[in-house]
Amino acid sequence: MNPDERAVATSAIRLMQGVVYQESDAWEDLLRHRGAVRDHFAVIGLDVVIDDDEGYAYLRTTEPEDGDEPLPRVIRRRALTYADSLLLVLLRKRMVEFESAGDQGQLVLTQDEILEMIRLFLAHSTDEARVLKQVDTSVNRLVSMGFLRQLRGRRDTWEVRRILKAFVDGQTLSDFSAKLAEYANGGADDE
Amino acid sequence: MDYAAIDALRERHPAWRMLRATHAPLLLSFLGRFFVDEGHGASPEGEIIDALDDELYMRNGEDPENPRFKRAAADYLTEWASTDSGFLRRFYPLGTDEIHYDATPALEKAYSWVQSLHARPFVGTESRLQTAIELLRQIAQGTEVDPEIRLAELQRRKQEIEREIEQIEADPEAGLLDITAVRDRYQQFSSTARELLADFREVEENFRALDRSARERIATWKGSKGDLLEELVSGRSRIDSSDQGRSFQAFYDMLLSSSGQEELSALLERLTTIDELKADRSIRTVHHGWAEAAERTQLTVRQISEQLRRFTDDQIWLENRRVLDLVREIEGTALELRTGAPPECGLELEQAGVDVSLPTERPLHSVRPASEVDSLLPPAEQEDVDTSVLADQVIVDPARLAARLRNLVPERGTALLEDVVTMYPVEHGAAELVGYLALDTDDIEVTTDEQEETVIEYDEAGRSMRARMPRVVVRRR
């Protein structure tokens, strides 16, 4: 395997493992061989999305062209719970605010800040520990999905990763909003 | 300034608050030294904590009975960077997990004010007047539109220079500055040099303020699309084309031009050769300090412009607006729903990456040996063990055995092993007999004759032993 083939292979594997960030050592290789990597994944119906400005790259299922039978899914879709979704939406908002304020560097939140942010939307509970645990569970799930990253050597402090913007986009939010509104109306009708 | 404005500054300006802080001497001496005197830029938390720890240790060492600073270094830092204090800027740079701190312009201001309280034994005024006049000339010359007048001014200066040349030719001492005049100029130079360094932080802060106001205007824009685009275009160039941006760029270009660098180095070098001046050593490399600080500022400006460019990209801008609107909708619905059972709907997302799990990578079943614990061991009987055998391990030296054979058997002759043993009684028992059999040298051949049998008697550890074995013939080549 010559060095170029190796770089293409490594880039492809890193993309399969998850989001590749600008800060990663695989980034340069991926940019240089983006054509070859794209060709590789095009065969199995995956798009390689590379955002130069934001500095991240990931795989996405190619939308089938009109009349085409969609291929079997390679990438799993995941339905999040309401609590996880709500946290994700609020984090997305924080991201916009962070950027609008012109802050540099990365958006970092502590557990207290996350709790503060979400508390308003939770049913009032006297069981503080239960609320805490519930938020903890959501945070861990978002960590496993790559939207939050615990800072090295700091417990209870998370970086909100930029990739959030790509996954929680206008379309996704609008779907969620519609579903939620429907649920709210449906609930009212039942009463 | 009126009373209210000054009162507001006293309450709100971080520099003033810094002077009023309980720990002002610690704050100013430590942060002033670290960020201003030593010229550190944004630094990782660990580095500053280490330095502050040393400082606290030293301060507390002055009176070990009653240590004055009882809190941990990290506590002080957190307090100084809190929104209420605002003495330090605190942020997470991209690609690192450590908090970084940088001084604010307020710190520079407070520190330089405190420094200026030091009475100076000599205050030069002449050089400042000269500088002021020179600036006036530049303004007048630079704003004069009539070329005739500009030419006339240049002519006047040319004549002046020619007169100076004549003077020096007539009298080599003419035009030399006396030491007071030199000191006067040096003082002004060194204070300007230091002020310049201090100004960079403020320049940076101003850039950030420009950036913030641009983003604010864009984020709250309510006008039409056409107006928006116009605003975006002007927003894009706002930083570079501001007075701040242009002045800084001109400074940066001049400082980094190679002729500028060389001239500065040569001039600063000359400064240190004037003994009477007792020039501060650090002043000789002050231009490196400028270059470093300017480089940092330049980097910030680049980052800010880059981010602002991205932010003003209309697609992202529109997306951000849409996202905020949608989030507000969702928040509204979520508030309505919060009293009931949590809804059973959520976001549906693709995962990042592809789940690949190789079945063969995973062991299907692994048998773990059952472990038994037996804590009831029967007591061991006491036994005399001869430990000397461990120490008395014998090693048969094949070289010695070969030497014996060479003594005994003539060249090309043969001998039986039993005869050899008669001449050289066995000392190490069976091991020695085996040693003979295993001899492997160029000139000795040991063969066994399976047909014949022999019995060799020997002593081992005081006991008489008998070995029954095939007949062994030793032959020398």
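If you check an unreviewed UniProt entry, chain B appears there as DUF3375 domain-containing protein from Dietzia psychralcaliphila.

A. Geometry of the overall build of chain B. Counting its regular elements, chain B contains 18 helices and seven strands. The 477 residues of chain B split such that 31% are buried. When contacts within chain B are restricted to residue pairs at least 6 apart in sequence, long-range pairs at least 24 apart make up 65% of them. Carbon and sulfur atoms make up 53% of the accessible area of chain B, which totals about 31,700 Å².

B. Spotlight on the overall build of chain A. Summing up its helical and strand segments, chain A has eight helices and seven strands in all. Intrachain contacts of chain A at a sequence separation of at least 6 include 56% that bridge at least 24 residues. Surface accessibility of chain A: about 10,300 Å² in total, with carbon and sulfur atoms responsible for 47%.

C. Representation of the sheet that holds strand β1 (residues 20–21) of chain A. All names here are of chain A. Taken in spatial order, the three strands make up an open sheet running β1-β3-β2, and their pairing is antiparallel. The open sheet has two edge strands with one neighbour each: β1 and β2 (46–51). Those strands touched by helix α1 (residues 3–17) are β1, β2 and β3 (56–61), and its axis lies near 70° from that of β3. Along the sheet, helix α3 (residues 34–42) makes contact with β2 and β3, crossing β2 at roughly 150°.

D. Broad picture of the interface of chain A and chain B. Taken together, the 64 residues of chain A in the interface contact 53 residues of chain B. Taking both sides of the interface into account, the surface hidden between chain A and chain B amounts to around 5,600 Å²; carbon and sulfur atoms contribute 58%. At the boundary of chain A with chain B, the tally comes to five salt bridges. Two residues, glutamate 350 of chain B and arginine 73 of chain A, come together in a salt bridge whose shortest N-O distance is 3.1 Å. Applying the counting rule to chain A against chain B returns 17 residue pairs in polar contact (both at pLDDT 80 or more). Looking at the side of chain A that touches chain B, the elements with two or more residues in it are α1, β3, β4 (77–79), α4 (82–100) and α8 (170–190) of chain A. In terms of residues, the side of chain A that touches chain B owes the most to one element, α8 of chain A, which gives twelve residues. Each residue belonging to the side of chain A that touches chain B can be placed in one class, and the counts come to 31 nonpolar, 16 polar and 17 charged.

E. Geometry of the pairing of β2 of chain A. Residues and elements named next belong to chain A. Relative to β3, β2 is paired through six bridges, and the arrangement is antiparallel. What sits directly across from isoleucine 50, in β3, is alanine 57. Taking the residues that link successive antiparallel strands as the turn, the β2-β3 hairpin has four residues, and the phi of glycine 55 there is positive, at about 80°.

F. Geometry of the nonpolar core. Leu88, Leu91 and Phe147 of chain A are the most contacted members of the largest nonpolar core, which has 50 residues in total. Those elements that provide at least two residues to this core are β3, α4, α5 (111–119), α6 (128–144), β7 (157–160), α7 (164–167) and α8 of chain A together with α14 (314–337) of chain B. With ten residues, α4 of chain A is the single largest residue contributor to this core. When residues no more than four places from it in sequence are discounted, the contact partners of phenylalanine 147 of chain A are Leu88, Leu142, Glu159, Val160, Arg161, Ile163, Leu164 and Phe167 of chain A together with Leu349 of chain B. Core analysis: the next-biggest nonpolar cluster, separate from the first, contains 30 residues, Leu151 of chain A together with Leu31, Phe69 and Tyr101 of chain B among them.

G. Structural context of the pattern of salt bridges. Taken as a whole and judged by the stated rule, the model has 38 salt bridges over all chains. Note that arginine 162 of chain A is salt-bridged to glutamate 23 of chain A, the shortest N-O span being 2.6 Å. Taken together, the residues arginine 162 of chain A in the loop between β7 and α7 and glutamate 23 of chain A in the loop between β1 and α2 (27–32) connect sequence positions 139 residues apart. Notably, a salt bridge pairs arginine 208 of chain B with glutamate 205 of chain B, separated by 3.6 Å at the nearest N-O pair. Linking arginine 208 of chain B with glutamate 205 of chain B, this pair stays in helix α9 (residues 179–219), spanning three residues, or about one helical turn. Arginine 208 of chain B sits in the buried class, given a relative accessible area of 7%. Judged by its relative accessible area of 25%, glutamate 205 of chain B is partly exposed.

H. Expanded view of the pairing of β3 of chain A. Residues and elements named next belong to chain A. In terms of burial, β3 is a largely internal element, five of the six residues being buried. Inspection of the sheet shows β1 paired to β3 by two bridges, in the antiparallel sense. Opposite tyrosine 21, over in β3, you have tyrosine 56 as the bridge partner.

I. Spotlight on the packing of helix α16 (residues 398–408) of chain B against helix α18 (residues 430–437) of chain B. Residue and element names in this part refer to chain B. Put simply, α16 and α18 touch, their axes get as near as 10 Å, and they point 65° apart. In this view, α16 runs roughly perpendicular relative to α18, as classed from their interaxial angle. The handedness of the crossing between α16 and α18 is right-handed. In contact with Leu401, Arg404 and Leu405 of α16, α18 contributes Glu432, Gly435 and Tyr436. Residues of the contact of α16 with α18, tallied by class, amount to three nonpolar, one polar and two charged.

J. Geometry of unusual backbone geometry. Look at aspartate 156 of chain A: it is not a glycine, yet its phi comes out positive at around 65°. Examined against the element boundaries, aspartate 156 of chain A turns out to sit in the loop between β6 (148–150) and β7. The exposure class of aspartate 156 of chain A is partly exposed, given its relative accessible area of 30%. Of note, the phi angle at arginine 412 of chain B is positive, near 60°, even though the residue is not glycine. When its relative accessible area of 68% is taken as the criterion, arginine 412 of chain B is described as exposed.

K. Layout of the environment of phenylalanine 87 of chain B. With respect to the helices and strands, the residue phenylalanine 87 of chain B is situated in the loop between α5 (73–81) and β2 (88–91). Sequence separation of phenylalanine 87 of chain B and proline 105 of chain B is 18 residues, and the distance between their C-alpha atoms is 8.6 Å.

L. Main features of the packing of helix α3 (residues 24–37) of chain B against helix α6 (residues 105–116) of chain B. All names here are of chain B. α6 packs onto α3 with a crossing angle of 110° between their chain directions and a minimal axis gap of 10 Å. Here α3 lies roughly perpendicular to α6, going by the angle between them. On the side of α3, the interface is formed by Leu28, Leu31, Gly32, Arg33, Phe35, Val36 and Asp37, while α6 contributes Leu107, Glu108, Ala110, Tyr111, Val114 and Gln115. Among the residues forming the contact of α3 with α6, the class breakdown is eight nonpolar, two polar and three charged.

M. Focus on the sheet that holds strand β7 (residues 463–476) of chain B. All names here are of chain B. One open sheet accounts for three strands, arranged β5-β7-β6; its pairing is antiparallel. Each of the sheet's edge strands pairs with one partner strand only, and the pair in question is β5 (414–416) and β6 (444–460). Across the sheet, the mean angle from the axis of one strand to that of its neighbour is 20°, orientation sign disregarded. The pairing of β5 with β7 spans three bridges and is classified as antiparallel. Bridge assignment links threonine 414 to a residue of β7, and that residue is arginine 475. Relative to β6, α18 is tilted by about 165°, and along the sheet it contacts β6 and β7.

How each quantity is defined
- Residues numbered from 1 in each chain as written.
- Chains lettered and ligands numbered in written order.
- Predicted model: local features only at pLDDT ≥ 70, side-chain atom pairs only at ≥ 80, totals over all residues.
- Heavy atoms only, no water.
- Helix = DSSP H or I, 4+ residues; strand = E, 2+ residues; numbered from the N terminus.
- Buried < 20%, exposed > 50% of the residue type's maximum accessible area, 1.4 Å probe, protein only.
- Contact = heavy atoms within 4.5 Å.
- Areas by Shrake-Rupley, 256 points an atom, 1.4 Å probe, with all protein chains shown as cover.
- Pairing = 2+ DSSP bridges.
- Axes fitted to C-alpha atoms, helices over the stretch in contact; angles between N-to-C directions.
- Buried area = accessible area lost by both parts, 1.4 Å probe.
- Salt bridge = Lys/Arg side-chain N within 4 Å of Asp/Glu carboxyl O.
- Polar contact = N/O pair within 3.5 Å; in protein donor to acceptor, adjacent residues only side chain to side chain.
- Nonpolar A, V, L, I, M, F, W, Y, C, P; charged D, E, K, R; others polar.
- Core = buried A, V, L, I, M, F, W, Y, C linked by side-chain atoms within 4.5 Å.
- Parallel < 35°, antiparallel > 145°, perpendicular 65-115°, else oblique.
- Left-handed = near helix turned anticlockwise from the far one by under 90°.

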